[in-house]
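Residues per chain are reported as follows:
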Amino acid sequence: MNSSRCSKLALAALVLLATAAGGALAVDASGDVPQSAEVGAKQETQFAFTDPFSGQYNEWTLRGETELTDVTWVVTTYDNTGAQVDKRVLNGRSFDYDLEASEGVTRVTVDLTGTTPPVERWSYEPAQSITYAAFTQAQPGGSATVIETWDDVRPYTEASQSARTEIEQSESAVESAAASGAGIGDARDLLQNAKSAYNAGNFDNAVSLANQAESRADAASSSQRTQRWALIGGGVVVLLVILGGIVWWYLNQRDTYDRLG
């Protein structure tokens, strides 16, 4: 089992423990986490925790974990005047930091620095994701409550992003063609093959297949529009013929009436 799955299973277990514990969690957490992160790029985010002791615990452990690599956590605590109480630098994909109300801490910040890891398994839909950061409140005795989790950050490479962009454009073209009533069987099959190529990490092939799907969809839409205009034109011709016949009949009847008069 890979490390990513192990981490997610561990997090799920914490959620179950939190549900069982039913503790009164009142810690507010915030952090400006990116929606996507380039593989191999350095990531830096500060998380803030306010009112750490507004719940039922005067002592507890702040626990953090991430799937980033080369990780450094800087935990800083402040009192109600904004003065720094403590600052600690911790390394590794997880950390524990003990908090005590007697120290006068009213706010905690955690500065996370790490590198986006390589992708072990690509997935177009749902998109592959990593746990960027997850924090829990652990109490004596082993119970833990999840504070906040950011686990839907999409890692990407330049090649994977290009393939995803092409597939998204192809999807839009196929959906548009389908909405117009055009036949898109081939285009839909090519689009599905493009997604399969993406999932296999064959991004060049995914781009090629997506482009083919988009071209087929555009051609189907164009053909549908041509047929629609042809039908409209044919209808106009028929209408003109009918109107012409009515006019001829009317004029003919008028001439006959004039002769009889």
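Let us look at the structure shown here. (Residues numbered from 1 in each chain as written. Predicted model: local features only at pLDDT ≥ 70, side-chain atom pairs only at ≥ 80, totals over all residues. Heavy atoms only, no water.)

Points about the environment of serine 170
Inspection of the secondary structure puts serine 170 in helix α2 (residues 158-179). We classify serine 170 as buried; its relative accessible area is 0%. The sequence separation of serine 170 and leucine 191 amounts to 21 residues, and the corresponding C-alpha distance is 7.0 Å. In this structure serine 170 touches Leu191, Ala210, Ala213 and Glu214, once residues within four positions along its chain are discounted. (Helix = DSSP H or I, 4+ residues; strand = E, 2+ residues; numbered from the N terminus. Buried < 20%, exposed > 50% of the residue type's maximum accessible area, 1.4 Å probe, protein only. Contact = heavy atoms within 4.5 Å.)

Some points on the packing of aromatic side chains
Tallying each qualifying case throughout the model produces 10 aromatic pairs. Each ring, one from tryptophan 73 and one from phenylalanine 95, has its centre 4.8 Å from the other, and the planes form 50°; the classification is tilted. On the criterion of sequence distance, the pair formed by tryptophan 73 in strand β5 (residues 69-78) and phenylalanine 95 in strand β7 (residues 94-100) is long-range, its members being 22 residues apart. The exposure classification of tryptophan 73 matches that of phenylalanine 95, with both residues buried. Here the aromatic rings of phenylalanine 135 and tryptophan 150 are separated by 6.3 Å at their centres, their planes lie at 80°, and the arrangement is edge-to-face. Taken together, the residues span a long stretch of sequence, with phenylalanine 135 in strand β9 (residues 133-138) and tryptophan 150 in strand β10 (residues 144-150) at a distance of 15 residues. Exposure class is identical for phenylalanine 135 and tryptophan 150. Each is buried. One aromatic cluster in this structure is built from Phe47, Phe49, Trp73, Phe95, Phe135 and Trp150. (Phe/Tyr/Trp six-rings, centres within 6.5 Å; stacked < 30°, edge-to-face > 60°.)

Details of a negative patch on the surface
Taken together, the side chains of Glu59, Asp98, Glu100 and Glu103 present a region of like negative charge at the surface. Mapped onto the elements, aspartate 98 comes out in strand β7. (Patch = residues over 30% accessible without salt bridge, like charges linked within 9 Å, V, L, I, M, F, W, Y side chains within 5 Å. Areas by Shrake-Rupley, 256 points an atom, 1.4 Å probe, with all protein chains shown as cover. Salt bridge = Lys/Arg side-chain N within 4 Å of Asp/Glu carboxyl O. Lys, Arg positive; Asp, Glu negative; His and termini not counted. Charge placed at Lys NZ, Arg CZ, Asp CG, Glu CD.)

Focus: the pairing of β7
Side chains of β7 alternate between two faces, with Phe95, Tyr97 and Leu99 buried and Ser94, Asp96, Asp98 and Glu100 left unburied. Bridge count between strand β4 (residues 59-65) and β7: 7 bridges; the pairing is antiparallel. Residue tryptophan 60 lies in a different strand from β7, and its bridge partner there is leucine 99. (Pairing = 2+ DSSP bridges.)

Overview of the sheet that holds β4
One open sheet holds the 4 strands; their spatial order is β7-β4-β9-β10, and the pairing between them is antiparallel. Because the sheet does not close on itself, it has two edges, and the strands there are β7 and β10. The mean angle between the axes of side-by-side strands here comes to 20°, regardless of whether they run parallel or antiparallel. Relative to β10, β9 is paired through 6 bridges, and the arrangement is antiparallel. Along β10, the bridge assignment pairs alanine 133 with tryptophan 150. (Axes fitted to C-alpha atoms, helices over the stretch in contact; angles between N-to-C directions.)

Focus on the nonpolar core
Formed by 28 residues in total, the largest nonpolar core has its most connected members in Phe47, Phe49, Leu62, Phe95, Val110, Tyr132 and Phe135. If you list the elements that add at least two residues to this core, you get β3 (42-50), β4, β5, β7, β8 (107-115), β9 and β10. Excluding residues that lie within four positions of it along the chain, phenylalanine 95 makes contacts with Leu62, Arg63, Gly64, Trp73, Val75, Leu90, Val110 and Phe135. (Core = buried A, V, L, I, M, F, W, Y, C linked by side-chain atoms within 4.5 Å.)

Observations concerning the packing of α2 against helix α3 (residues 185-199)
Interaxial distance between α2 and α3 falls to 10 Å at its minimum, and their mutual angle equals 160°. Looking at the two axes, α2 sits roughly antiparallel to α3. Seen from above, α2 lies across α3 with left-handed handedness. Between α2 and α3, the contacting residues are Ser160, Ala163, Arg164, Ile167, Ser170, Glu171, Val174 and Ala178 on the first element and Ala187, Arg188, Leu191, Ala194, Lys195 and Tyr198 on the second. Taken together, the residues of the contact of α2 with α3 sort by class into 8 nonpolar, 2 polar and 4 charged. (Parallel < 35°, antiparallel > 145°, perpendicular 65-115°, else oblique. Left-handed = near helix turned anticlockwise from the far one by under 90°. Nonpolar A, V, L, I, M, F, W, Y, C, P; charged D, E, K, R; others polar.)

A closer look at the sheet that holds β5
Pairing in this open sheet of 5 strands is antiparallel, and the strands run β1-β3-β8-β5-β6 from one edge to the other. Each edge of the sheet is formed by a strand with only one pairing partner; in this case those strands are β1 (28-31) and β6 (84-91). Averaged over all pairs of adjacent strands, the angle between their axes in this sheet comes to 15°, without regard to strand direction. Bridging between β3 and β8 involves 9 bridges; their strand directions are antiparallel. Bridging across to β8, threonine 45 finds its partner in leucine 112.

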